[in-house]
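# Results of the structural survey
This is what each chain is made of:
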Amino acid sequence: MRIDLHTHSSVSDGTDTPAELVAAAAAAGLDVVALTDHDTSDGWVAAAAERPPGLTLVPGMELSCRWIPPDTPPISVHLLAYLFDPDHPGLLAERARLRAERLTRGERFVGNLAAAGYPVAWDRIVAASAGGVVGRPHVARALVQAGVVPSVDEAFATLLHPRSPHYVSKADTDVREGIALVRAAGGVPVFAHGLARKRGRVVGDDAIGVMVEAGLLGLEVDHPDHTDAEREHLRGLAAELGLLVTGSSDYHGSNKTTPIGACTTDPGQFEALLAAGTGSAPYRG
Ligand code: AMP
Ligand code: FE
Ligand code: FE
Ligand code: ZN
């Protein structure tokens, strides 16, 4: 059994349509794939309709959250949510708020870049996103196309990094509230790439403890952005706190170099995750 529990389609900031994504999952020899677009469940229906026989599709989402420390600026925390009820009103309202927030933030961010002389235009970036949930990868592609940077990776390491003078943050959901909403919707909340330091500041074990008190059920341990030492630390923490352990690629099509299935989840952990989710069912058979 090969199980990848974190992927993005063009419904957010991946480049494969949901149909292409499930085809890529089957072609890569996966048995199970979760679709976890940012702040939306809009890709579920198309992915399920196009699902190749034998591939199990787990409905999911990656909710944009933040941890607010007492004395320093908020730290971005991505919360994977599986098997939640897509019609739960509280969670539905919160992801709509986050998508609106992305539009305001994106326009300001691109405005900063344009004011600094970089040839990027918000209207064109929105048009290129084709109705998907807009994020920094869309801005990165525009910067690459304009010849400002050689690659999406380079854009993230420089102009789009949280330390960039042009950076604009967004009002992401307080992670405790995000966890509570996912649980209220019958979903399984899993902390995504919790120690991925190259993306910016990461939270300490104390924050993970608070997240567990709020109802967190798992940690994404095996992720391309984690070193071996970071994985071992998270694995130890999961054992100590009684949390599920997942592994996944965080596939974004050609917006990243990571292939689908690059990291995978243990079948026993997957079964436990399925047992914990009550808001929606996997598409299988
Ligand atoms: P945003 O949600 O707009 O702040 O953008 C963050 C998104 O950018 C996340 O979905 C990441 O997966 C993606 N991302 C982070 N680093 C990179 C990178 N080096 N290349 C491509 N995408 C990235
Ligand atoms: Fe992304
Ligand atoms: Fe993420
Ligand atoms: Zn992701």
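Residues numbered from 1 in each chain as written. Chains lettered and ligands numbered in written order. Predicted model: local features only at pLDDT ≥ 70, side-chain atom pairs only at ≥ 80, totals over all residues. Heavy atoms only, no water.

### Quick word on the environment of Arg 66
What counts is decided by this rule: Strands here are runs of E lasting at least two residues and helices are runs of H or I lasting at least four, both read from the DSSP assignment and numbered beginning at the N terminus. Think of it in three bands: with a 1.4 Å probe and only protein chains considered, a residue is buried below 20% of the maximum accessible area for its type, exposed above 50%, and partly exposed in between. Any pair of residues with heavy atoms lying within 4.5 Å of one another is described as a contacting pair.
In this structure, Arg 66 sits in strand 3 (residues 56–67). Overall, the relative accessible area of 24% leaves Arg 66 in the partly exposed class. It is 25 Å that separates the C-alpha atoms of Arg 66 and Arg 141, two residues lying 75 residues apart in sequence. With sequence-adjacent residues up to four places away left out, Arg 66 is seen in contact with Pro 74, Ile 75, Ser 76, Val 77, Lys 170, Ala 171, Asp 172, Thr 173, Asp 174 and Val 175.

### Focus on the coordination of the zinc ion (ligand 4)
Coordination angles at a metal have ideal targets, namely 109.5 degrees for four tetrahedral donors and 90 or 180 degrees for six octahedral donors. The criterion, for reference: Note that water is not among the atoms used; donors are N, O and S atoms within 2.8 Å of the metal (3.2 Å for Na, K and Ca), so sites may look incomplete. Tetrahedral means four donors with every angle between 85 and 135 degrees, whereas square planar (four donors) and octahedral (six donors) require angles over 155 degrees between opposite donors and between 65 and 115 for all others; sites fitting neither are termed irregular.
The coordination sphere of the zinc ion (ligand 4), as far as protein atoms go, consists of His 6 (NE2), His 8 (NE2), Glu 62 (OE) and Asp 250 (OD), spread over 2.1 to 2.3 Å. Here the zinc ion (ligand 4) is ringed by four donor atoms whose angles at the metal span 77 to 169 degrees, and the overall shape comes out irregular. Site description for the zinc ion (ligand 4): donor spacing in sequence, H-x1-H-x53-E-x187-D. In this structure the iron ion (ligand 2) is found 4.5 Å away from the zinc ion (ligand 4). Taken together, the positions of His 8 in the loop between strand 1 (3–4) and helix 1 (18–27) and Asp 250 in the loop between strand 8 (244–247) and helix 10 (267–276) put the pair 242 residues apart, joining distant regions of the chain. Given a relative accessible area of 0%, His 8 falls into the buried group.

### Observations regarding the confidence of the model for the chain
The condition that has to hold: As a per-residue measure, pLDDT reflects the predictor's confidence and takes values from 0 up to 100.
Put simply, the chain has an average pLDDT of 97, and 100% of its residues get 70 or more. Mean pLDDT across the elements of the chain ranges from a minimum in helix 4 (residues 122–128), with 95, to a maximum in strand 6 (residues 188–191), with 99.

### Focus on the site of ligand 1
Let me state the cut-off plainly: By convention in this text, a residue qualifies as near a molecule or strand provided that one of its non-hydrogen atoms is within 4 Å of it. Pairs of N or O atoms within 3.5 Å make up the polar contacts considered here, provided that, within protein, one atom can donate a hydrogen while the other can accept it, and that residues adjacent in sequence are counted only when both atoms are side-chain atoms. All accessibility values rest on the Shrake-Rupley procedure with a 1.4 Å probe; residue burial counts only the protein chains present in the view.
Around ligand 1 sit 15 residues in total, of which Asp 13, His 38, Arg 105, Arg 136 and Asp 153 are the nearest. The separation between an oxygen atom of ligand 1 and a polar side-chain atom of Arg 105 is 2.9 Å. Contact distances for ligand 1 include 2.7 Å between a nitrogen atom and a side-chain N or O atom of Asp 153. About the coverage of ligand 1: the protein hides 95% of its 500 Å² of free accessible area. Going through the elements one at a time, helix 3 (89–115), helix 5 (136–145) and helix 6 (152–157) are the ones with two or more residues in the shell around ligand 1.

### Digging into the coordination of the iron ion (ligand 2)
With distances of 2.1 to 2.6 Å, the protein atoms coordinating the iron ion (ligand 2) are Asp 13 (OD), Asp 13 (OD), His 38 (NE2) and His 252 (NE2). Sequence positions of the donors to the iron ion (ligand 2) reduce to the motif D-x24-H-x213-H. Taken as a pair, the iron ion (ligand 2) and the iron ion (ligand 3) lie 5.5 Å from each other. Pair noted here: Asp 13 is in the loop between strand 1 and helix 1 and His 38 is in the loop between strand 2 (32–35) and helix 2 (44–49), with a separation of 25 residues, a long-range link. Its relative accessible area of 5% is what places Asp 13 among the buried residues. A residue is classified by how much of its surface remains accessible, and His 38, at 6% relative accessible area, is buried.

### Let's talk about the layout of surface pockets
For clarity, the threshold we go by: Only protein atoms enter the 1 Å grid, on which a cavity is a set of points fitting a 1.4 Å probe that cannot get out and a pocket is an open set with protein on both sides within 12 Å along at least 5 of 7 lines, lining residues being those with an atom within 4 Å of a point. Grid points are joined across faces, edges and corners, and a volume is the space filled by probe spheres set on the points.
Estimates place the volume of the second largest pocket at around 360 Å³. Lining the second largest pocket are 17 residues, and of these Ala 128, His 138, Arg 141, Ala 142 and Gln 145 lie nearest its centre. Every element with two or more residues in the lining of the second largest pocket is listed here: helix 4 and helix 5. Ranked by residues supplied to the lining of the second largest pocket, first place goes to helix 5 with four residues.

### Some details on unusual backbone geometry
Here the phi dihedral of Asp 39 falls at roughly 55 degrees; this positive angle occurs in a residue that is not glycine. Mapped onto the secondary structure, Asp 39 falls in the loop between strand 2 and helix 2. One non-glycine residue, His 193, lies in the positive phi region at around 25 degrees. Structurally, His 193 can be placed in the loop between strand 6 and helix 8 (205–214). The exposure class of His 193 is buried, given its relative accessible area of 7%.

### Some points on the packing of helix 3 against helix 7 (residues 175–184)
Which entries qualify depends on this criterion: Angles here are taken between N-to-C directions and fall from 0 to 180 degrees, while the axes themselves are lines fitted to C-alpha atoms, restricted in helices to the stretch in contact. Note on terminology: angles under 35 degrees are roughly parallel, angles over 145 are roughly antiparallel, angles of 65 to 115 are roughly perpendicular, and the others are oblique. Note on convention: the crossing is left-handed when the near helix lies turned anticlockwise from the far helix by less than a right angle, right-handed when the turn is clockwise. Residues are grouped as follows: Ala, Val, Leu, Ile, Met, Phe, Trp, Tyr, Cys and Pro are nonpolar; Asp, Glu, Lys and Arg are charged; all remaining types, including Gly, are polar.
Running from N to C, helix 3 and helix 7 point in directions that differ by 135 degrees, and their axes come no closer than 8 Å. Here helix 3 lies oblique to helix 7, going by the angle between them. The crossing of helix 3 and helix 7 is left-handed. The segment helix 3 lies against helix 7, with Gly 90, Leu 91 and Glu 94 engaging Glu 177, Leu 181 and Val 182. Residue classes in the contact of helix 3 with helix 7 are distributed as three nonpolar, one polar and two charged.

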